[in-house]
Amino acid sequence: MYRYLPVTGAESMPPTVCVIAGDDAAPEVVRPTVEILRELAPSIHFEEAISGREAIARTGEAFPAETRAAIDAAACTIFGASGGPSRPILWYLRWGKQTAVNIRPVRWSPGYRSPMLHPERIDYVIVRDNLEGMYPPREGDLKELSQLASSASWWQTPPTDVEGSYAVRVNTDEQARRIAHATCELALQRQAAGYPGRVTLGAKYSILPRTDGRFRAIVRETVQQYASLSYQEFLIDDLARRLIAEPETLDVVVMGNEHGDILADAASGTIGGLGLAPSGCYGEQYAYFEPVHGSAPDLVGKGVINPTAMLLTGTFLLNYLGSDEQAHRLEQAIAAVYRDGKTLTVDQGGKATTRDFMAAVREKL
Ligand code: NAD
Ligand code: IPM
Ligand code: MN
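This section reports on the structure supplied with the text. (Residues numbered from 1 in each chain as written. Chains lettered and ligands numbered in written order. Predicted model: local features only at pLDDT ≥ 70, side-chain atom pairs only at ≥ 80, totals over all residues. Heavy atoms only, no water.)

### Here we look at the environment of S165
Stated formally: Helix and strand definitions follow DSSP, with helices as H or I runs of at least four residues and strands as E runs of at least two, each counted in order from the N terminus. Partly exposed residues are those whose accessible area sits between 20% and 50% of the maximum for their type, while under 20% is buried and over 50% is exposed, using a 1.4 Å probe and protein chains only. Contacts were defined at the residue level, with two residues in contact if any of their heavy atoms lie within 4.5 Å.
Within the secondary structure, S165 sits in strand 7 (residues 165–167). A relative accessible area of 59% places S165 in the exposed class. In this structure the C-alpha to C-alpha distance between S165 and L142, which are 23 residues apart in sequence, comes to 4.6 Å. Excluding its chain neighbours within four sequence positions, the residues that come into contact with S165 are G140, D141 and L142.

### Notes on the site of ligand 1
In plain terms, the rule: The nearness test applies per residue and asks whether one of its heavy atoms lies within 4 Å of the molecule or strand. Here a polar contact means two N or O atoms within 3.5 Å. Within protein one must be a hydrogen donor candidate and the other an acceptor candidate, and residues neighboring in sequence count only if both atoms are side-chain atoms. Each accessible area is a Shrake-Rupley estimate made with a 1.4 Å probe; only the visible protein chains count as cover when residues are assessed.
Residues in contact with ligand 1 amount to 21 residues; listed here are only the nearest, S82, G294, A296, D298 and N306. A distance of 3.2 Å separates an oxygen atom of ligand 1 from a polar side-chain atom of R87. H293 places a side-chain nitrogen or oxygen 3.3 Å from a nitrogen atom of ligand 1. Bound to the protein, ligand 1 loses 68% of the 810 Å² it would expose on its own. It is helix 4 (residues 87–96) that provides the largest number of residues to the shell around ligand 1, a total of 3 residues.

### Considering the environment of I71
As for its placement among the helices and strands, I71 is situated in helix 3 (residues 65–73). Residue I71 is classed as buried on the basis of its relative accessible area of 0%. In this structure, the C-alpha to C-alpha distance between I71 and S206, residues 135 residues apart in sequence, is 41 Å. The contact partners of I71, leaving out residues within four places of it in the chain, are C18, I20, F63, T77, I89, Y92, L93, K97 and Y286.

### Here we look at the site of ligand 2
Defined as follows: Classes in brief: Ala, Val, Leu, Ile, Met, Phe, Trp, Tyr, Cys and Pro nonpolar; Asp, Glu, Lys and Arg charged; the others, Gly included, polar.
Contacts to ligand 2 come from W91, R94, R104, R128, Y135, D261 and E290. Taking R94, its side chain carries an N or O atom lying 2.5 Å from an oxygen atom of ligand 2. At 2.6 Å, a side-chain N or O of R128 approaches an oxygen atom of ligand 2. When ligand 2 is considered free in solution it has 320 Å² of accessible area, and contact with the protein chains removes 74% of it. Broken down by class, the residue content of the shell around ligand 2 amounts to 2 nonpolar, no polar and 5 charged.

### A short note on helix 12 (residues 354–364)
We apply this condition: For this quantity, the arc is that covered by the directions from the helix axis to the C-beta atoms.
Of all the residues in helix 12, the buried ones are T354, F357, M358, A360 and V361. Buried residues of helix 12, viewed axially, fall in a sector of 160°; they line one side. Residues R355 and E363 are exposed on helix 12 and point more than 90 degrees away from its buried face. Along its buried surface, helix 12 packs onto helix 1 (27–40), helix 10 (308–320) and helix 11 (324–340).

### Considering the sheet that holds strand 10 (residues 252–255)
Spelled out, the test is: Two strands form a pair only when DSSP identifies at least two bridges running between them. Working convention: axes come from line fits to C-alpha atoms, limited for helices to the stretch in contact. Angles between N-to-C directions cover 0 to 180 degrees.
A sheet is described by the order of its strands in space; here 10 strands give the open sequence 2-1-3-12-11-4-5-10-8-9, paired in mixed fashion. Both edges of this open sheet fall to strand 2 (45–48) and strand 9 (230–235), since each of them pairs with a single strand only. The mean inter-strand angle of the sheet, taken between neighbouring strand axes irrespective of direction, is 25°. For strand 5 (residues 123–129) and strand 10, the ladder comprises 4 bridges, and the chain directions are parallel. Residue pairing in the sheet places V125 in a bridge with V252 of strand 10. The strands that helix 4 touches are strand 1 (16–20), strand 3 (76–79), strand 5 and strand 12 (287–289); relative to strand 3, the one it contacts most, it runs at about 140°.

### Quick look at the side chain of T67
The residue T67 is located in helix 3 in this model. For T67, a relative accessible area of 1% translates into the label buried. A polar contact of 2.6 Å, which involves the side chain of T67, links it to the backbone oxygen of I50. Residues within four places of T67 in sequence aside, it is in contact with I20, A49, I50 and I89.

### Section: the packing of helix 1 against helix 11
Applicable threshold: For this classification, under 35 degrees means roughly parallel, over 145 means roughly antiparallel, 65 to 115 means roughly perpendicular, and everything else is oblique. Two helices cross in a left-handed way if the nearer one is turned anticlockwise from the farther one by less than a right angle. They cross in a right-handed way if the turn is clockwise.
Direction vectors running N to C along helix 1 and helix 11 enclose 130°, while the axes themselves pass 10 Å from each other. As far as their axial angle goes, helix 11 and helix 1 are oblique. When the axes of helix 1 and helix 11 are compared, the crossing they make is right-handed. In this structure, helix 1 contributes I36, L37 and L40 to the contact, and helix 11 contributes Q326, R329 and L330. Residues that form the contact of helix 1 with helix 11 fall into these classes: 4 nonpolar, 1 polar and 1 charged.

Purely geometric stuff here, so don't read any function into it on its own.
Right, dumping it as structure tokens:
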């Protein structure tokens, strides 16, 4: 259960959830997931707002005012993924709604097609900065850097007399503290459920002392305020190896935006792929729920995309709205389908279609 921030959504009863299907193959997992959520929690009101190509065709805009109003009016949003057209909506869900903390659990379950020898050791959570660092893009022409060039030492001086570009990485202390506290709160929650209460930081503090070094210092200081938690830190490249070589040493892993983005995909590979990796994005006033994976354009229209990541993402939404019992039932039903191993999608070595998989989950429910 990942309800560690104030549950603002549950206050508006019955809660409304905005549904954004997104691009490419994303609607093929969002719509069946919402169908199941509706059946499980009839008191939650799901309303789909237009997005992507459909929005462009109908309104001439990728992010029409009606979609924005639907997001604002809802307690939270469930979002498929953007393959391009729905990107302005994603930007709004992140920066417009200030959903600061991205929670990406990495847990193997019996039946998942993991390439690892001992996948049963994999059960940790990535906490990723959802707002700062390299994203949103702030890029420019090298020539704009002439001022920086004059203050840098010789080996850091960017060339400003050749064609090229740069990107700016921005980190605020406020956001670092937010991420650090969310990490610790989550570690405490897990500790209460029997996990070791261990926070692991991954960053490039060796070579980026003023950005990643500062992030590291803030996380360290914050963890010290939580007497029952322990702390370890690794350079991000070494942490990448540890995700594979010794995942059992990880409990709650905190990373910056781009590091968490990349390593969450890598981590999903250890349990059996992107089809199995859920996520939730939490702010102080709002939350939205999207899987780790993207819009899977290579699967569009084939009816074979694995809906597990989206369904598990749906369980976080249920938790957020206080429907813990329903979330638990859905999680158990999915686990039972994998334990049986008879109705698995292609990415898991099976032959089942998305629809077959959904039917199997329904049967378990
Ligand atoms: P992707 O996650 O869409 O796909 C990567 C690979 O994993 C593909 O082979 C795909 O078929 C497979 N895959 C993904 N989800 C799957 C599922 N549920 N079941 C089975 N297989 C699955 O990443 P990509 O191909 O690098 O990106 C495609 C588009 O998605 C890009 O436009 C990218 O920017 C976007 N994207 C959006 C988000 C988001 O909206 N939050 C996240 C990641 C990528
Ligand atoms: C993700 C995606 C996004 C990100 C892209 C689409 C901006 O990869 O949610 O993991 O990097 O945050
Ligand atoms: Mn990503």
